[in-house]
Each structure stands twice: as structure tokens, then as C-alpha cells.
Amino acid sequence: SQQGEEDPQALSIQEGENATMNCSYKTSINNLQWYRQNSGRGLVHLILIRSNEREKHSGRLRVTLDTSKKSSSLLITASRAADTASYFCATGATGGGNKLTFGTGTQLKVEL
Amino acid sequence: DGGITQSPKYLFRKEGQNVTLSCEQNLNHDAMYWYRQDPGQGLRLIYYSQIVNDFQKGDIAEGYSVSREKKESFPLTVTSAQKNPTAFYLCASSIPGQGSREQYFGPGTRLTVT
């Protein structure tokens, strides 16, 4: 079952602007992860935030997690054309073992 | 180089034929996964395996079968019973443990059935 829903479905910005993507989920989680997928390729792991964490940074990426609202956001600062890709959130449910449930993704286009 | 390989990149089959997609990893990961991706959708879990000789159904296992005879390999067979097999198939692996871990993905196989 698709647990994560992402918003917006598509986002187009100019290079240098910030991009924010949101993810909502339905059940209790151990952690939430963000992945990137270039067109026609496999997914690449970006960042993992645990359920007891509220914010995490990695380079130009900033992830927040609000477990009370069952939502997360991914912020990419100072975007570049090379950031153009689809971004997916994935949740590891409490008691779900190693399984991840992926959202539907946000397609980001960064224009020069 | 450590990583996951999937072959072939593109696969074409006639309706009614079974087809096997290859997935090999040299990351020494115990857990492996198969996902299906359709246009405009996220990934849906087909099967996963946490250890050799053991595997479990995911959310959309009907019409698919797997085997896990070696730690490095987790082939997926798309059978003729799968009603809509045309899709992009992704294999992944991870270190198992308490709670979900980062998954490493292969480049994918795009299957077209006509």
C-alpha cells in the first residue's frame, strides 16, 4: 500500500532558488528517508531522519519531521540544474522490519 | 566497485511468456528487495528477502516469483499470470537490522510485454 503522499507532484524553479517538497504518511514510523531518482535510473539515498529527530542537514539538504502531523519536508537550498530529478520519501513503519513504503514522488525541474 | 547490477536494461517479451530479471549485489547485504514502478507512481514492493533461502511477499506479489539461493543474487520471474507486466523493475539491497535501513538500488530493468 502506498503510505506516503508527496506534495507538490511537480515543481519548476529557477537555478539558485530553494525547493521545498512535502511528504505525509499514515502510520507510526521508525524513520523516514528521502531518495532521488534521475529519469530512467535507480534511486539514490539522500538522507534518513529517525522518528525521535526533528531536523537533519546534509550539505544543501534540510529535512524536517513532525511525527504529530505525520509529515516531513525536504528543502534543497540554492538549487542547481543538476538537481533536476524526482524525489521520493520512504517510511519504515514501526514493527515493519526492513520494509520501506514509498510515496508517489515530486518531480523537480530546475531551469537555468 | 561495490554495487548492485541488474540485467538486462531493456527487455521485450511476448504476452504469455515467463521472463526472469537478474539482480546481483556485491555489497555483502543480507536483505534484498524487488520493486515495480509505473509512470507517475512511486515504488511498490513485490518481494523481499532478509536472508538466503527465505523471502516474503510484498504488496503486489501476484504473478511474480523469486528465489534466494545465494546471498549475492535475487532473481525475479515475471510469469504469464501477471496481468500487466510492462513496467520499470528495481532491485535493492540493505543491511538488515532493527528498523528499516538505507537501501541501495540497481539501475533498473524496463520490461515491455506486447
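From a predicted model like this one, the values you see are computed outputs, not experimental measurements.

As for the sheet that holds strand β7 (residues 64-66) of chain B
All names here are of chain B. A sheet is described by the order of its strands in space; here 4 strands give the open sequence β1-β3-β8-β7, paired in antiparallel fashion. Looking at strand neighbours, the two that pair on one side only are β1 (4-7) and β7, the edges of this open sheet. Taking the axes of each pair of neighbouring strands and ignoring which way they run, one obtains an average angle of 20 degrees across the sheet. Both strand β3 (residues 19-25) and strand β8 (residues 76-78) contribute to a ladder of 3 bridges, which runs antiparallel. Within β8, the position partnered with Thr20 by the bridge is Thr77.

Details of the side chain of Gln25(B)
Residues and elements named next belong to chain B. Looking at where Gln25 falls in the secondary structure, it is placed in strand β3. The class of Gln25 is buried, set by a relative accessible area of 4%. Side-chain polar atoms of Gln25 contact the backbone nitrogen of Leu27, separated by 2.9 Å. Of note is the side chain of Gln25, whose polar atom sits 2.7 Å from the backbone oxygen of His29. Beyond its immediate sequence surroundings of up to four residues, Gln25 is in contact with Gly3, Ile4, Met32, Arg68, Lys71, Glu72 and Ser93.

With respect to the environment of Ser80(B)
Residues and elements named next belong to chain B. With respect to the element layout, Ser80 can be found in the loop between β8 and β9 (87-94). Placed 28 residues apart in sequence, Ser80 and Val52 show a C-alpha to C-alpha distance of 26 Å. Contact partners of Ser80, with chain neighbours within four places excluded, come to Gly16, Gln17 and Asn18.

Re the environment of Phe102(A)
Residues and elements named next belong to chain A. By the secondary structure assignment, Phe102 is in strand β10 (residues 101-102). Exposure remark for Phe102: the relative accessible area of 0% places this residue in the buried category. Here the alpha-carbon distance between Phe102 and Gly92, two residues 10 residues apart in the chain, equals 9.2 Å.

Observations regarding the pairing of strand β7 (residues 61-66) of chain A
Residues and elements named next belong to chain A. For strand β6 (residues 55-58) and β7, the ladder comprises 4 bridges, and the chain directions are antiparallel. Paired with Lys56 across the bridge in β7 is Val63. The hairpin turn running from β6 into β7, its antiparallel successor, is 2 residues long, and Gly59 in that turn takes a positive phi close to 60 degrees. Linking two consecutive strands that pair antiparallel, namely β7 and strand β8 (residues 71-76), is a turn of 4 residues; a positive phi of about 50 degrees is found at Lys70 within it.

Comments concerning unusual backbone geometry
Only a minority of non-glycine residues have a phi that is not negative, and only a minority of peptide bonds are not trans. Geometrically, the link from Asp7(A) to Pro8(A) is a cis peptide bond, its omega value of 0 degrees lying close to zero. Checked against the element boundaries, Pro8(A) lands in the loop between β1 (5-7) and β2 (10-14). Put simply, Ser7(B) and Pro8(B) share a cis peptide bond, and its omega is -10 degrees. Note on placement: Pro8(B) falls in the loop between β1 and β2 (10-13). At Ala78(A), a position not held by glycine, the phi torsion is positive, near 45 degrees. Position of Ala78(A) relative to the elements: it lies in the loop between β8 and β9 (85-93). Take Ala78(A): its relative accessible area is 39%, and that puts it in the partly exposed class. Positive phi values are uncommon outside glycine, yet Asn53(B) reaches one of about 65 degrees. As for its position among the elements, Asn53(B) is in the loop between β5 (43-51) and β6 (54-57). In this structure Asn53(B) comes out as exposed when scored by relative accessible area, which is 62%.

About the thresholds
- Residues numbered from 1 in each chain as written.
- Chains lettered and ligands numbered in written order.
- Predicted model: local features only at pLDDT ≥ 70, side-chain atom pairs only at ≥ 80, totals over all residues.
- Heavy atoms only, no water.
- Pairing = 2+ DSSP bridges.
- Helix = DSSP H or I, 4+ residues; strand = E, 2+ residues; numbered from the N terminus.
- Axes fitted to C-alpha atoms, helices over the stretch in contact; angles between N-to-C directions.
- Buried < 20%, exposed > 50% of the residue type's maximum accessible area, 1.4 Å probe, protein only.
- Polar contact = N/O pair within 3.5 Å; in protein donor to acceptor, adjacent residues only side chain to side chain.
- Contact = heavy atoms within 4.5 Å.

What is shown is where atoms sit, not what they do.
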